[in-house]
Amino acid sequence: GGFLPAVGSMAAEKIGGPEWAGVGALVPSAATAAFNAVRAPTLARQQAQNQVRDATLQPAQDAGYVLPPSSVKPTAVGNVAESVSGKAAIGQEAAIKNQQVTNTLVRQELQFPENAPLTVDRLEQARTQAAQPYRDVAALSPLAERALQRLRDARSEANVNFRHYDMTGTPQSLRDARAADATAGAMERVLEREALNRGAPDLVQQMREARTYIAKTWDVERALNVGNGNVDARIIGRAIDRGRPLTGNLETIGKFSEAFPSFTREASKVPNPGSSALNAAAATILGEEGFRHFGTKGLAAAGIPFARGGLRQGLLSDTYQQNFNRPDYSPNMQPQGTLQSIIQQAILANRQNQQQ
């Protein structure tokens, strides 16, 4: 009983015809086993095809990234719920939530305080602090001092050109950025040789560790919206795409964005997923349909469009995402009277009808 089985019965009738309206009352074990057996080979193929995507998904979802159900684990129920909540709106809400995850992952990777604003000044301060081993080497000789200055200039030039390329896609900007990067690499080697020649081998390892950290700050700065402090995950994704060897949280951000660019747009570029002008019309239609099938109790269906926001929040909640929106290739339909079982049974019945 209840409203959800009623909705399932309506869905079953729409899928399989009027004679299947009562399928929600009974979910035979034999039909369940048949449904699972039919799905198993298809699911195995999907698992093989999705290996790379799923390897990207696991750390991203563990970090808190969210996705509409149809992007990860499409089901009849999930698709219906997503459609009711508004496909465009749920995508927009996912992108907005994911922006905060991206910013949090960046702070963690750079060892910033939990709520620290992401600004160019803070990134510059972090670089300055991390660069102490470079200054120690530069103090060893005039050659090392000149090399450090050329290194700084080259890194700055590379950053400007990489950022311009990310924004415009201009090939010359990419060539200029790579040339400056090569110059910076040459100066790094000069500094390492000077450290060894001057009897300070420990500084070589310290510089290498600082280099990795400083490179991360430049990657973040290139992706930073200086107006709102958001990091654009898609710019980090493009860095991976052009061969940038990112690691840690930046790798998680970049790969997730490459796999799901629609849901990692920078938040200022995402429309507000507010209420739709179609809600009233949808409420009228659903109310009439509910009344036709279930009398006055069915009028509750009219409230569905106005519950879209809550439904979106439910689908994107941590509970739903962690427990029901993970890749799963087990043909594990259960013989229970849930809404999902009802609709799956109706689909199976409809397929069997078509084959006859």
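About the thresholds
Residues numbered from 1 in each chain as written. Predicted model: local features only at pLDDT ≥ 70, side-chain atom pairs only at ≥ 80, totals over all residues. Heavy atoms only, no water. Axes fitted to C-alpha atoms, helices over the stretch in contact; angles between N-to-C directions. Helix = DSSP H or I, 4+ residues; strand = E, 2+ residues; numbered from the N terminus. Parallel < 35°, antiparallel > 145°, perpendicular 65-115°, else oblique. Left-handed = near helix turned anticlockwise from the far one by under 90°. Nonpolar A, V, L, I, M, F, W, Y, C, P; charged D, E, K, R; others polar. Contact = heavy atoms within 4.5 Å. Buried < 20%, exposed > 50% of the residue type's maximum accessible area, 1.4 Å probe, protein only. Salt bridge = Lys/Arg side-chain N within 4 Å of Asp/Glu carboxyl O. Polar contact = N/O pair within 3.5 Å; in protein donor to acceptor, adjacent residues only side chain to side chain. Core = buried A, V, L, I, M, F, W, Y, C linked by side-chain atoms within 4.5 Å. pLDDT = per-residue confidence, 0-100. Phe/Tyr/Trp six-rings, centres within 6.5 Å; stacked < 30°, edge-to-face > 60°. Lys NZ or Arg CZ within 6 Å of the ring centre and 35° of its normal.

## Concerning the packing of helix H9 (residues 142-168) against helix H10 (residues 171-197)
Part 1: Running from amino to carboxyl end, H9 crosses H10 at an angle of 155 degrees, the nearest separation of the two axes being 8 Å. Relative to H10, H9 is oriented roughly antiparallel. Where H9 crosses over H10, the two elements pack in a sense that is left-handed.
Part 2: Grouping the constituent residues of the contact of H9 with H10 by class yields 16 nonpolar, five polar and eight charged.

## Observations regarding the packing of helix H7 (residues 120-130) against helix H11 (residues 202-223)
Describing two packed helices takes the angle between their axes plus the distance from one axis to the other.
Part 1: Following both chains from N to C, one finds H7 and H11 inclined at 170 degrees, their axes separated by 9 Å at the closest point. In terms of axis orientation, H7 runs roughly antiparallel to H11. Facing H7, whose interface residues are Val 120, Leu 123, Ala 126, Arg 127 and Ala 130, H11 presents Ala 210, Tyr 213, Ile 214, Thr 217, Trp 218, Val 220 and Glu 221.
Part 2: Its residues assigned to classes, the contact of H7 with H11 shows nine nonpolar, one polar and two charged.

## Remarks on unusual backbone geometry
Part 1: Positive phi is not limited to glycine here, since Gln 111 has a value of about 60 degrees.
Part 2: Summarising the element assignment, Gln 111 is placed in the loop between helix H6 (87-110) and H7.
Part 3: Relative accessible area serves as the criterion here: at 67%, Gln 111 is assigned to the exposed category.

## Overview of the pattern of salt bridges
Part 1: According to the stated counting rule, one finds 16 salt bridges in the structure shown.
Part 2: The closest approach of N and O atoms between Asp 232 and Lys 269, which form a salt bridge, is 3.6 Å. Within this pair, whereas Asp 232 is found in the loop between H11 and helix H12 (233-241), its partner Lys 269 is found in the loop between helix H13 (248-259) and helix H14 (279-294), the two being separated by 37 residues in sequence.
Part 3: The network of salt bridges with shared partners includes Arg 155, Asp 181, Glu 188, Glu 192, Arg 208 and Arg 211.

## Looking at H12
Part 1: For H12, the full list of buried residues reads Ala 233, Ile 235, Ile 236, Gly 237 and Ala 239.
Part 2: Structurally, H12 contributes buried residues whose contacts are with H6, H9, H11 and H13.
Part 3: Looking at where H12 begins, the residue whose side-chain oxygen comes 3.0 Å from the main-chain nitrogen of Arg 234 is Asp 232.
Part 4: Of the residues trailing H12, Gly 243 is marked for its positive phi of about 100 degrees.

## Structural notes on the nonpolar core
Part 1: Counting 58 residues, the largest nonpolar core has Val 106, Phe 112, Tyr 134, Leu 191, Val 231 and Ile 253 as its most contacted members.
Part 2: It is H11 that provides the largest number of residues to this core, a total of nine residues.
Part 3: If we skip the residues at most four places from it in the chain, Ile 253 touches Tyr 65, Thr 102, Leu 105, Val 106, Ala 233 and Ile 236.
Part 4: Ala 158, Phe 162, Leu 174 and Ala 180 belong to the second largest nonpolar core, which has five residues in total.

## Remarks on the confidence of the model for the protein chain
Part 1: For the protein chain, mean pLDDT is 79; residues scoring 70 or higher make up 70% of the total.
Part 2: Averaged over each element, pLDDT in the protein chain is lowest for helix H1 (residues 3-16) (47) and highest for helix H8 (residues 132-138) (97).
Part 3: Between residues 19-27, whose pLDDT stays under 50, and residues either more than four places distant or in other chains, the model counts 20 contacts.
Part 4: This model gives residues 335-347 a pLDDT under 50, and the stretch forms 40 contacts once residues within four places in sequence are excluded.

## A word on the side chain of Gln 61
Part 1: Tracing the backbone shows Gln 61 in helix H3 (residues 51-63).
Part 2: Given the relative accessible area of 1%, Gln 61 is considered buried.
Part 3: Excluding anything up to four places from it in sequence, Gln 61 contacts Val 72, Gln 321, Gln 322, Asn 325, Arg 326 and Pro 327.

## A look at the environment of Ala 186
Part 1: As for its placement among the helices and strands, Ala 186 is situated in helix H10.
Part 2: When the C-alpha atoms of Ala 186 and Arg 150 are compared, they prove to be 9.8 Å apart, with 36 residues separating the residues in sequence.

## Brief notes about the environment of Pro 133
Part 1: Tracing the backbone through its elements, the reader meets Pro 133 in helix H8.
Part 2: Taking the C-alpha atoms as reference points, Pro 133 and Arg 208, 75 residues apart in sequence, are found 9.2 Å from one another.
Part 3: Each residue touching Pro 133, except ones within four places of it in the same chain, is listed here: Leu 203, Gln 206, Met 207 and Ala 210.

## Let's talk about the packing of aromatic side chains
Part 1: Applying the stated criterion across every chain yields a total of two aromatic pairs.
Part 2: Their ring planes at 20 degrees and their centres at 4.3 Å tell us that Tyr 65 and Phe 256 sit as a pair that is stacked. Of the two residues, Tyr 65 is situated in the loop between H3 and helix H4 (69-72) and Phe 256 in helix H13; the sequence distance between them amounts to 191 residues. Judged on exposure class, the residue Tyr 65 and its partner Phe 256 are both buried.
Part 3: Residues Phe 256 and Phe 260 carry aromatic rings whose centres are separated by 5.4 Å and whose planes lie at 40 degrees to one another, so their mutual orientation is tilted. An identical accessibility class is assigned to Phe 256 and Phe 260; each is buried.
Part 4: Cation over ring: Arg 127 sits above Trp 218, and NZ or CZ is 3.7 Å from the ring centre.

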